[in-house]
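Working through the structure, step by step
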Amino acid sequence: MKVDTVIVGAGPGGLAAARGAKRVGKRVLVIDDNWGPGGQIWRGREDLLIEGVEFQFGRQLAQLDVGFGQLILACGARELFLPFPGWTLPHVLGAGGLQALVKTGLAVKGKRVVVAGSGPLLLAVAANLKKAGADVVLVAEQASWKRLMRFGFGLWRSPSKIVQAVELANGNYRAGLWPVEASVGGVTMSDGKRWDCDYLACGFGLVPNVELALLAGCQLKDGFVAVDEYQKTSVDGVYAIGELTGIGGVEKAEAEGEAAGSGQKLQGSHAAFVHSLRDCFALRPELKDLVRAKTLICRCEDVRFGQLQGFASRREAKLQTRCGMGPCQGRVCGPAIEFLLGWEADRVRPPVLPVRVKDLIRLN
Ligand SMILES: Cc1cc2nc3c(=O)[nH]c(=O)nc-3n(C[C@H](O)[C@H](O)[C@H](O)COP(=O)(O)OP(=O)(O)OC[C@H]3O[C@@H](n4cnc5c(N)ncnc54)[C@H](O)[C@@H]3O)c2cc1C
């Protein structure tokens, strides 16, 4: 089928864009590397398929090798992992990562789980794990109570978010607390107390997947894709929505998707919520002190933090140590290094994702 609009990502944003575009008569193709629609939150829900829209699942777009009149990037975000002693032990997983495993069949009934890091995702993950029968013994948020209270008061503008927060409330939630060292069967927290657990589910916020946008030449603003009120980027025909334009949750992703797909102005403003999320859950400087010289930074290439000393940039360190040159192409260590050392990525080039051989063949 010859298409007018190609959408990368079948999460809430991409699906809303597809519905909007189809409604105004466009022929739409949606590409997603998962096996079904829904993105991170609704993972693989077949009931979200849209009649008359072509979906290609299990396909990674690792370079811009698709023809399009309009390209809508709805690639979402990934978790930010910060290195600390023990973070590579088998019982330490990403918070969203553990949730994804549970949604796809991992049994956690009766398992003791510590959920730690930062952001509203921790509460969503804890609620899902509890529903699956896990014993969530602690939910540790690095932000202080003071910041959380300020954030909470700011929610009066979004009653639906207050309802969500109440639904997700967890009696084992602690603020101003973070993991300092994981060891077999447990984790020691910043107050010196050790918690025994089967899993430590740990994530320090979300990082937007801006690689395809950068490849297309789109301008960024503060690390996110810059767009106008129609979700147009700085590149003709290329649009960006959802987490790519600011971490702000499902409602924002859907509103922006609708605007980009249908060609109408964005309804409502989500900027205040995006800013208050960012301010509340800004990472505290103490998190930079967790890493030690022998702590692994690049898990793909076995590079330790001490090996990065003496270099001035990510590129220099990469050339000398192979840091960021493994299968994940710096998607995990890159944002951590940016937080720890302030080194930004210098450029992106294809393939932008760890790519399967069949997709590599498609690339060439
Ligand atoms: C691990 C994780 C778990 C989360 N869990 C929750 C939760 O439980 N509750 C909650 O409220 N919020 C959750 N969130 C936040 C939530 O994902 C967002 O608020 C919202 O779903 C964003 O929608 P989106 O459409 O922008 O992106 P997403 O829902 O992330 O969808 C993006 C889609 O694009 C695909 N994709 C990205 N790049 C490519 C590419 N190059 N080629 C092909 N496909 C690509 C991704 O695999 C994904 O399916 C989670 C986020 C993450 C990262």
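Structure first, text after, so check above.
Thoughts on the pairing of strand β11 (residues 186–189)
For a regular strand, the rule is simple: side chains alternate between the two faces of the sheet. Sheet topology places strand β10 (residues 179–183) next to β11; 4 bridges connect them, and they run antiparallel. Bridged to Ala182 within β11 is Val187. Counted between consecutive antiparallel strands, the loop separating β10 from β11 contains 2 residues, among which Gly185 sits at a positive phi close to 80°. Direction of pairing for β11 relative to strand β12 (residues 194–196): antiparallel, over a ladder of 3 bridges. Pairing of Val187 across the sheet is with Trp195, part of β12. Connecting β11 to the next strand, β12, in antiparallel fashion are 4 residues, including Gly192 with a positive phi near 90°.

Considerations on the site of the ligand
The local shell around the ligand holds 36 residues, among which Gly11, Gly39, Gly76, Gly96 and Gly242 are the closest. Going through the elements one at a time, α1 (12–23), β2 (28–32), α2 (39–42), β5 (77–79), α3 (95–103), α4 (121–131) and α8 (250–262) are the ones with two or more residues in the shell around the ligand. The residues that make up the shell around the ligand include at least three from each of domain 1 (5–78 + 207–276) and domain 2 (92–204).

Focus: unusual backbone geometry
Backbone torsion omega between Pro350 and Pro351 reads -5°, so that peptide bond is classified as cis. Its place among the elements puts Pro351 in the loop between α11 (333–341) and α12 (357–363). Of note in the backbone geometry, Arg322 takes a positive phi value of approximately 70° without being a glycine. Structurally, Arg322 is set in the loop between α10 (314–321) and α11. Assessed through the 15 C-beta atoms surrounding it within 10 Å, Arg322 is described here as partly exposed. At Gln329, a residue that is not glycine, the phi angle is positive and equals roughly 55°.

Conventions used here
- For every chain, the first residue of its written sequence is number 1, and the numbers climb from 1 along that sequence.
- A pLDDT threshold of at least 70 governs which residues receive local features in this predicted model, and a stricter bar of 80 or more applies before side-chain atom pairs are shown or counted, although totals over entire chains, interfaces and linings include all residues.
- The criterion for strand pairing is that DSSP finds at least two bridges linking the strands in question.
- A helix here means a DSSP run of H or I that spans at least four residues, while a strand means a run of E at least two residues long, and both kinds are numbered starting from the N terminus.
- Being near a molecule or strand means, for a residue, that its backbone-placed C-beta atom lies within 6 Å of it.
- How far each domain reaches was decided by an automatic or database domain assignment.
- Here exposure depends only on C-beta density: within 10 Å of a residue's C-beta, 20 or more other C-beta atoms make it buried, 12 or fewer make it exposed, and intermediate numbers make it partly exposed, the C-beta atoms being placed from the backbone.

So far we have only geometry, and geometry alone does not tell us how the molecule works.
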